[in-house]
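# Residue-level structural notes
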Amino acid sequence: MRMSDVLRQLRQQHALAGARPRLLERFEAFLPITDATPLISLGEGFTPLVHARTLGRAIGCPQLHLKIEGQNPTGSFKDRGMVLAVAKAMEDGSRALVCASTGNTAASAAAYGAHAGMDVIVVLPRGQVAMGKLLQALAAGARVIAVDGGFDGALRAVRELVHDPDPAHPITLVNSVNPFRLEGQKTAAFEVCEDLGGAPDYLAIPVGNAGNITAYWQGFCEYRAAGLVETAPVMLGFQAEGAAPLVTGRTVADPQTVATAIRIGDPASGARALRARDESGGRIEAVSDEEILDAYRDLARYEGIFCEPASAASVAGVRKLAAEGAIDPGTTIVCVLTGHGLKDPETAKREAISPTLESEPTADGIRRALGW
């Protein structure tokens, strides 16, 4: 068969199947969308749900599944909520977006702002952003301002900026305190239910600003209320030790943890996250940096999935609870991996297990290097 015939067949198949659906269109019935809402898209959502058979066996949970949110356009789950927040900002006539961020929100806001033709201002805590994330924001043309005081100080500053607006510069805050962010993020729960054919028994997720666990719980409850699933999962949230105010009850001023995406001293959605925990009969626990990094390495080694270190908190937590007998290991468990490993290349380089071998450019030389 000639290549032209192959291409013609592929085009015909694509036309019959329809184009890749847009997130805002696919779940429009569950989202606050009007006829005036621009249905923008960078191809967010519809991320894989992978049955982690090898890793599951290793930690004693054979029905372990991974929701790989690092395959969103900017490499993190933030894109689900950002697309809706930016669309609604456009609908309201804003000309600029602003956020406080330790990285992923900045990258997402910058990308969607560029796509929408809007200015983007990012306020970040000085010295607390992984270079992979910062470069994404700078590449998309965001104006980046570094401040002292950690993430909580940066968020207070941008909230003041928005609450005392300049009429000449209409601006929208796109942190997770923006309700449209959580509305968009809940769509991941819908996808989990559709891929499994029902809700999982447990949903494990890293907890930073606590918006994501809140959004997932909202999504599961809405699908159950609509009669699309019969149950909702037990919600398991995991924070890094030293940055776990929802576990300890204490605000953390400037935690230093490998899980850079969860350095949040005063979670903006903390109360709602605790409600999700209680309503689902779940728990929010702390995991150590060592436990997170062990899970981070094992995800790549056992499943070939390279995630951001903070993402691995969900797997670290499930492994810990399973070892303690605190969860039923035979049930269906979904761990959310919130970001891609290239977000933090410094940690990837530091934690690399296999060294680079040296060899002359011959087959024999390669065999010797391999010890064959």
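That block above? That's the structure.
Just so it is clear, the model here is predicted, and its values are computed rather than measured.

Below, the discussion takes up the overall build of the protein. Counting secondary structure elements, the protein contains 16 helices and 10 strands. Here the protein, with 372 residues, has 52% of them falling under the buried criterion. Long-range contacts, defined as pairs at least 24 residues apart, comprise 71% of the intrachain contacts of the protein with a sequence gap of at least 6. Carbon and sulfur atoms provide 51% of the accessible area of the protein, an area that totals close to 16500 Å².

Turning next to unusual backbone geometry. Its identity is not glycine, yet Phe46 carries a phi of approximately 55°, on the positive side. With respect to the helices and strands, Phe46 occurs in the loop between α2 (23-26) and β1 (49-51).

Looking only at helix α6 (residues 131-139), the buried set comprises Gly132, Lys133, Leu134 and Ala137. Summarising the contacts, the buried residues of α6 are in contact with α5 (104-116), β4 (119-125), β5 (143-147) and α15 (345-350). Note on α6: the residue one or two positions beyond its end, Gly141, has a positive phi of about 90°.

In the contact formed by helix α9 (residues 187-196) and helix α10 (residues 211-225), the axes pass within 7 Å of each other and the chain directions differ by 55°. Classed by the angle they form, the pair α9 and α10 counts as oblique. Of the two possible hands of crossing, α9 and α10 adopt the one that is right-handed. Across from Ala188, Ala189, Phe190, Val192, Cys193 and Glu194 in α9, the residues of α10 making contact are Tyr216, Gly219, Phe220, Glu222 and Tyr223. Class assignment of the residues belonging to the contact of α9 with α10 gives a composition of 8 nonpolar, 1 polar and 2 charged.

Next up on the list: the environment of Glu191. Tracing the sequence through the fold places Glu191 in helix α9. Through-space distance from the C-alpha of Glu191 to that of Leu49 is 8.6 Å; in sequence the pair is 142 residues apart. Residue contacts for Glu191: discarding those within four places in its chain leaves Leu23, Phe27, Gly45, Phe46, Thr47, Lys67 and Arg80. In this structure the side chain of Glu191 is engaged in a polar contact, spanning 2.8 Å, whose partner is the backbone nitrogen of Phe46.

The topology assignment puts Ala116 in helix α5. Sequence separation between Ala116 and Val86 is 30 residues; the distance between their C-alpha atoms is 7.7 Å.

Another point: the sheet that holds strand β9 (residues 283-287). The strand order across the open sheet built from 6 strands is β1-β2-β10-β7-β8-β9, with neighbouring strands paired in mixed fashion. The sheet terminates laterally at β1 and β9, the two strands that pair on one side only. Direction aside, neighbouring strands of the sheet carry axes that sit 25° apart on average. In the sheet, strand β7 (residues 202-206) pairs with strand β10 (residues 333-337) via 3 bridges, with the strands oriented parallel. Opposite Leu203, over in β10, you have Val334 as the bridge partner. Relative to the sheet, α10 contacts β2 (64-68), β7, β8 (234-240) and β10, its axis offset from that of β8 by approximately 170°.

For the rest of this paragraph, the subject is the nonpolar core. Val86, Leu203, Tyr216 and Phe220 are the most contacted members of the largest nonpolar core, which has 54 residues in total. In terms of nonpolar packing, the next biggest core, distinct from the first, is built from 31 residues, Val287, Tyr296, Val318 and Ile327 among them.

In this structure, β4 lies alongside β5, joined through 5 bridges in parallel fashion. Counterpart to Val122 in the pairing with β5 is Val144. Tracing the backbone out of β4, into α6 and back to the parallel element β5 gives a crossover that is right-handed.

Two elements in contact, α10 and helix α12 (residues 270-280), have axes whose closest approach is 8 Å; the angle formed by their N-to-C orientations is 45°. On the basis of the axis angle, α10 is oblique to α12. Of the two elements, α10 crosses α12, and the hand of that crossing is left-handed. From α10, Ile213, Thr214, Trp217 and Gln218 reach across to α12, where they touch Arg272, Ala273, Ala276, Glu279 and Ser280. Taken together, the residues of the contact of α10 with α12 break down into 4 nonpolar, 3 polar and 2 charged.

Compared with the 18 Å implied by 1.5 Å per residue over 13 residues, the 18 Å span of α5 between its first and last C-alpha is a close match. Among the 13 residues that make up α5, 11 are buried, leaving the element largely enclosed by the rest of the structure. Looking only at α5, the buried set comprises Asn104, Thr105, Ala106, Ala107, Ser108, Ala109, Ala110, Ala111, Tyr112, Gly113 and Ala116. Elements that come into contact with the buried residues of α5 comprise α4 (78-91), β3 (96-100), β4, α6 and α8 (179-185). Among the residues trailing α5, Gly117 stands out with phi positive, at a value near 75°.

Attention now moves to the pairing of β2. A regular strand places its side chains so that they alternate between the two faces of the sheet. Of all the 5 residues making up β2, 5 are buried; the element is thus mostly covered by neighbouring parts of the structure. Burial along β2 is two-sided: Leu64, Leu66 and Ile68 and His65 and Lys67, pointing in opposite directions, are all buried. Judged from the 3 bridges that link them, β1 and β2 form a sheet pairing that is antiparallel. Directly across from Leu49, in β2, lies its bridge partner Lys67. Of the pairings in the sheet, the one linking β2 to β10 comprises 5 bridges and is parallel in character. If you follow Leu66 over to β10, its bridge partner there is Cys335.

Thresholds applied
Chains are numbered independently. Their residues run from 1 in the order of the written sequence. Selection of residues for local features in this predicted model requires a pLDDT of at least 70, selection of side-chain atom pairs for listing and counting requires 80 or more, and totals for whole chains, interfaces and linings are taken over all residues. Based on all heavy atoms of the structure, the side-chain values leave hydrogens and waters out of the count. Strands here are runs of E lasting at least two residues and helices are runs of H or I lasting at least four, both read from the DSSP assignment and numbered beginning at the N terminus. Partly exposed describes any residue whose relative accessible area lies between the buried limit of under 20% and the exposed limit of over 50%, with all areas from a 1.4 Å probe on protein chains only and scaled to the type maximum. Throughout, a contact is declared for two residues whenever any of their heavy atoms are within 4.5 Å. For the area figures, the Shrake-Rupley method with a 1.4 Å probe applies, and any residue is considered shielded solely by the protein chains shown. For helices, the axis comes from a line fit to the C-alpha atoms of the stretch in contact; other axes are also lines fit to C-alpha atoms, and the angle between any two N-to-C directions lies between 0 and 180 degrees. Any angle between 65 and 115 degrees counts as roughly perpendicular, while under 35 counts as roughly parallel, over 145 as roughly antiparallel, and the rest as oblique. Left-handed describes a crossing whose near helix is turned anticlockwise from the far helix through less than a right angle; right-handed describes the clockwise counterpart. For this classification, Asp, Glu, Lys and Arg are treated as charged, while Ala, Val, Leu, Ile, Met, Phe, Trp, Tyr, Cys and Pro are nonpolar and the rest, including Gly, are polar. Side-chain atoms alone can form a polar contact between residues adjacent in sequence; in general such a contact is a pair of N or O atoms within 3.5 Å, and within protein one must be able to donate a hydrogen while the other accepts it. Strand pairing follows a simple DSSP-based rule, namely that at least 2 bridges must link the two strands. Residues belong to a common nonpolar core when they are buried Ala, Val, Leu, Ile, Met, Phe, Trp, Tyr or Cys residues joined through side-chain atoms within 4.5 Å. Seen with its strands pointing away from the viewer, a crossover is right-handed when the path leading from the first strand over the helix to the second is clockwise. One less than the residue count of a helix, multiplied by 1.5 Å, gives the span that helix is expected to have.

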